Amino acid sequence: MKSLIEGHKQFLSTAFPARRSQFHLLAEGQQPEYLFITCADSRIVPDLILQTQPGDLFICRNIGNVIPRAGEPAGGVSGTIEYAVQVLRVRHLIVCGHSDCGVIRALMNPDSLSGLESVRGWLKHVEPAWGHLEEVERNAGELTRHTALTHANILVQLENLRSHAYIEKAIAEGRLQIHGWFYDILSGRIEAYDEIERKFVPLIV
Ligand SMILES: [Zn+2]
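Parameters and conventions
Residues numbered from 1 in each chain as written. Predicted model: local features only at pLDDT ≥ 70, side-chain atom pairs only at ≥ 80, totals over all residues. Heavy atoms only, no water. Donors = N, O, S within 2.8 Å, 3.2 Å for Na, K, Ca; no water. Helix = DSSP H or I, 4+ residues; strand = E, 2+ residues; numbered from the N terminus. Buried < 20%, exposed > 50% of the residue type's maximum accessible area, 1.4 Å probe, protein only. Domains from an automatic or database assignment. Contact = heavy atoms within 4.5 Å. Buried area = accessible area lost by both parts, 1.4 Å probe. Salt bridge = Lys/Arg side-chain N within 4 Å of Asp/Glu carboxyl O. Patch = residues over 30% accessible without salt bridge, like charges linked within 9 Å, V, L, I, M, F, W, Y side chains within 5 Å. Areas by Shrake-Rupley, 256 points an atom, 1.4 Å probe, with all protein chains shown as cover. Core = buried A, V, L, I, M, F, W, Y, C linked by side-chain atoms within 4.5 Å.

*Asks:* What exactly am I supposed to notice about the coordination of the zinc ion here?
*Replies:* Geometry reference: four tetrahedral donors at a metal, ideal angle 109.5 degrees. Six octahedral donors, ideal angles 90 or 180 degrees. Bound to the zinc ion are the protein donor atoms C39 (SG), H98 (NE2) and C101 (SG), situated 2.1 to 2.2 Å from the metal. Sequence spacing among the residues donating to the zinc ion works out to C-x58-H-x2-C. With C39 in the loop between β1 (34–38) and α3 (46–49) and H98 in strand β3 (residues 92–98), the pair connects residues that are 59 residues apart, well separated along the chain. Note on H98: relative accessible area 1%, which makes it buried.

Take a look at the structure:
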């Protein structure tokens, strides 16, 4: 805890005064343009990898960057997304998975979840990712299979997103765009799903 308290002390003495006018405005309200849905993994720091500022990103995090389908019991994730799209009127919704994701590792090795009933229950939202894999990917080595499943999971979550009628409506009205991203921790690079090429391609070429 000591390092957190020291960190906050430093924030109050340097970072906050340097942005006092920005926080003054933000204290009045928020108008984020983006909803960023990503994994709870400690290595994913959206404001660092995108160089965004307080007020830029509305963020929803959970293990595996999952979006429950319409009809599932209302929960924190569904409520957060609905609020972002219907109340804050974000223009872009990004689902961002990442390399070395523990949820995908658990999907590849469900026996590792013995005694973790909540995690096992959550994993049901990720399991359809297997259905997106090509035969060659199913039989590939562990790293290739992990990446393929992570990519597939992003597509599954985008499908789940579109099962919500208000999301389809917002897209049809041209006020919302949805994006699937994959962040590689080792290289720091992001890949984005290309709907036309039907594959993940570098965000920055
Ligand atoms: Zn993860």
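Back to the text.
*Asks:* Where do I start with the environment of E142 in this structure?
*Replies:* Here E142 lies in helix α8 (residues 142–162). For E142, a relative accessible area of 54% translates into the label exposed. Spatially, the C-alpha atoms of E142 and R105 are 9.3 Å apart, while their sequence positions differ by 37 residues.

*Asks:* Can you walk me through the domain arrangement of the chain in this structure?
*Replies:* By a frequent convention, interface size equals the accessible area lost on bringing the separate parts together. Entries for the chain in the domain assignment read domain 1 (1–30) and domain 2 (32–202). In this structure, domain 1 and domain 2 have C-alpha centres spaced 29 Å apart. Facing five residues of domain 1, the contacting portion of domain 2 comprises six residues. Of the roughly 470 Å² buried between domain 1 and domain 2, counting both surfaces, carbon and sulfur atoms make up 55%. There are zero salt bridges connecting domain 1 and domain 2.

*Asks:* Would you mind showing me how to read a nonpolar patch on the surface here?
*Replies:* Together, M1, L4 and I5 make up a nonpolar patch on the protein surface, roughly 380 Å² of accessible area in all. Among the secondary structure elements, I5 is positioned in helix α1 (residues 2–18).

*Asks:* Would you mind going over the nonpolar core with me for this structure?
*Replies:* Where a protein is soluble and globular, its nonpolar side chains tend to be buried together. Residues L35, I81, V85, L93, L161, I167 and L176 are the most contacted members of the largest nonpolar core, which totals 24 residues. Secondary structure elements with two or more residues in this core: β1, β2 (57–61), α4 (76–87), β3, α8, α9 (165–172) and β4 (177–183). Among residues more than four places away in sequence, those in contact with L35 are F58, C60, I81, A84, V90, H92, L93 and I94. Residues C39, I104, L123 and A148 belong to the second largest nonpolar core, which totals 17 residues.

*Asks:* Just to check I follow, could you spell out unusual backbone geometry for this structure?
*Replies:* Excluding glycine, most residues fall at negative phi; most peptide bonds, likewise, are trans. For Q51, which is not a glycine, the phi torsion comes out positive at approximately 55 degrees. Mapped onto the secondary structure, Q51 falls in the loop between α3 and β2. Overall, the relative accessible area of 60% leaves Q51 in the exposed class. At N65, a position not held by glycine, the phi torsion is positive, near 40 degrees. Tracing the chain through its elements places N65 in the loop between β2 and α4.

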